[in-house]
Amino acid sequence: MRLAKFLANGGVASRRAAEGQIADGRVTVAGEIVRDPARGVDGSEPVAVDGRPVALPADRVVYAVNKPAGVVSTARDTHGRPTVVGLVPADRRLYPVGRLDADTTGLILLTDDGELANRLTHPRYGVPRTYRAKVLGGPVPEAALHALRRGVELDDGPTAPAQVRQLRPGVLEIIIREGRKRQVRRMCEAVGHPVSALERIAFGPLRLGRLKLGAHRLLEADEVDALRAAGVSRARTAR
Ligand code: URA
């Protein structure tokens, strides 16, 4: 495997950023500085960036967290609010996969696998996110549901087609493949039914299930494999 890809798979940086780190002489293989991003590595020799060893993807972890309201999904908050990262005691640095609004509850993933995080959030891969939204002014009429399904005009452009069903009057299940800021809230508002409570219940193939609010669990290898596959399958068909 090329060195730059190895670093990206190891969650160090994007492939392009890894190439920059290599060119800057920050990367060693078996203790020697390597400046060729195409240098082959197979994991048998230690690789380090700025002297810190790079672990293989097999050593990477993914946690599912049920984020409570009031907890922010950035790694650190400038206003001192609690963060999702703080909910998971781990022996390594974890990063949230995408974002949920502070007032949104539900499933958010934390990982130290940068390549996986990128695949799960990059628009090119279109990984579906499933939300349950309680909205005001329900029941939502069929015309509004239809508009949400077709795509609505937001100030940063139209939304892509979504899957939308009304589970009971005023409670919608919405599946989108984009991750724009406050997207579900803005979509519902655009059709005249502002959200009063929003929960994410699935990310790609992974469901929140019975995980309690504020709790976390380490994903099993087959669950991580399914997430990886979700970030690959559409990439192949998207072109
Ligand atoms: N859409 C929103 O409006 N908020 C979220 O947190 C996630 C999706």
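Remember, predicted model here, so these are calculated numbers, not experimental data.

### Describing the overall build of the chain
Phase 1: Along the chain, the regular secondary structure elements total six helices and 15 strands.
Phase 2: Seen along its three principal axes, the alpha-carbon backbone of the chain occupies a region of about 65 × 40 × 35 Å.
Phase 3: A total of 239 residues make up the chain; the buried ones form 45% of that total.
Phase 4: Restricting to contacts in the chain with at least 6 residues of sequence separation, those with at least 24 account for 62%.
Phase 5: Carbon and sulfur atoms provide 51% of the accessible area of the chain, an area that totals close to 12500 Å².
Phase 6: Distance from the positive charge centre (39 side chains) to the negative charge centre (27 side chains) of the chain: 4 Å.

### A few points about the site of the ligand
Phase 1: Looking at the ligand, the residues that line it are L100, D101, T104, Y131, R182, Q183, V184, R185 and L198.
Phase 2: D101 is positioned with one of its side-chain polar atoms (N or O) 2.7 Å from a nitrogen atom of the ligand.
Phase 3: Here a nitrogen atom of the ligand and a backbone polar atom of V184 are 3.1 Å apart.
Phase 4: At three residues, the largest contribution of residues to the shell around the ligand is made by helix α5 (residues 183–190).

### What about helix α4 (residues 142–150)?
Phase 1: For α4, the set of buried residues is A144, L145, A147 and L148. Down the axis, α4 shows its buried residues gathered within 160 degrees of arc, on one side only. Along α4, exposed side chains directed more than 90 degrees from the buried face belong to E142, A143 and R150.
Phase 2: Buried residues along α4 sit in contact with β11 (163–168), β12 (171–176) and α5.

### Overview of the nonpolar core
Phase 1: Membership of the largest hydrophobic core comes to 31 residues, with the highest contact counts inside it found for L172, I174 and V184.
Phase 2: Of all elements in the fold, only β5 (62–67), β7 (105–111), β8 (129–135), α4, β12, α5 and β13 (195–203) reach the threshold of two or more residues within this core.
Phase 3: No other element matches α4, which puts four residues into this core.
Phase 4: A domain-level breakdown of this core finds at least three residues from each of domain 2 (62–123 + 206–238) and domain 3 (129–203).
Phase 5: Dropping the residues within four chain positions of it, L172 is found in contact with Y131, R132, A133, V135, V140, L145, L148, R165, Q166 and C188.
Phase 6: Membership of the second largest hydrophobic core comes to 17 residues, among which are V62, V127, L208 and L211.

### Structural notes on the environment of L109
Phase 1: Turning to its location among the elements, L109 is positioned in strand β7.
Phase 2: Given a relative accessible area of 0%, L109 falls into the buried group.
Phase 3: Leaving out residues up to four positions away in the same chain, L109 has contacts with V62, Y63, A64, Y95, P96, V97, L120, F203, L206, L219 and L227.

### So, the pattern of salt bridges
Phase 1: All told, the structure shown has 18 salt bridges when counted by the stated rule.
Phase 2: D156 is paired through a salt bridge with R186; the nearest N and O atoms lie 3.0 Å apart. Of this pair, D156 sits in the loop between β9 (153–154) and β10 (157–158) while R186 is found in helix α5, placing the two residues 30 residues apart along the sequence.
Phase 3: Sharing partners across several salt bridges, the network here consists of D155, D156, E178, R180 and R186.

### Some thoughts on unusual backbone geometry
Phase 1: The linkage connecting G138 with the following residue, P139, adopts the cis geometry, with an omega of 0 degrees.
Phase 2: Relative to the helices and strands, P139 is located in the loop between β8 and α4.
Phase 3: Positive phi, close to 50 degrees, is recorded for A30, a residue that is not glycine.
Phase 4: Residue placement: A30 occurs in the loop between β1 (27–29) and β2 (32–33).
Phase 5: Residue D50 is not a glycine yet carries a positive backbone phi of 50 degrees.
Phase 6: Note on placement: D50 falls in the loop between β3 (47–49) and β4 (52–53).
Phase 7: On the accessibility criterion, D50 (40% relative accessible area) is partly exposed.

Calculation criteria
- Residues numbered from 1 in each chain as written.
- Predicted model: local features only at pLDDT ≥ 70, side-chain atom pairs only at ≥ 80, totals over all residues.
- Heavy atoms only, no water.
- Helix = DSSP H or I, 4+ residues; strand = E, 2+ residues; numbered from the N terminus.
- Buried < 20%, exposed > 50% of the residue type's maximum accessible area, 1.4 Å probe, protein only.
- Contact = heavy atoms within 4.5 Å.
- Areas by Shrake-Rupley, 256 points an atom, 1.4 Å probe, with all protein chains shown as cover.
- Lys, Arg positive; Asp, Glu negative; His and termini not counted.
- Charge placed at Lys NZ, Arg CZ, Asp CG, Glu CD.
- Near = heavy atom within 4 Å.
- Polar contact = N/O pair within 3.5 Å; in protein donor to acceptor, adjacent residues only side chain to side chain.
- Arc of directions from axis to C-beta.
- Core = buried A, V, L, I, M, F, W, Y, C linked by side-chain atoms within 4.5 Å.
- Domains from an automatic or database assignment.
- Salt bridge = Lys/Arg side-chain N within 4 Å of Asp/Glu carboxyl O.

Scope: geometric values only; no functional claims are made or implied.
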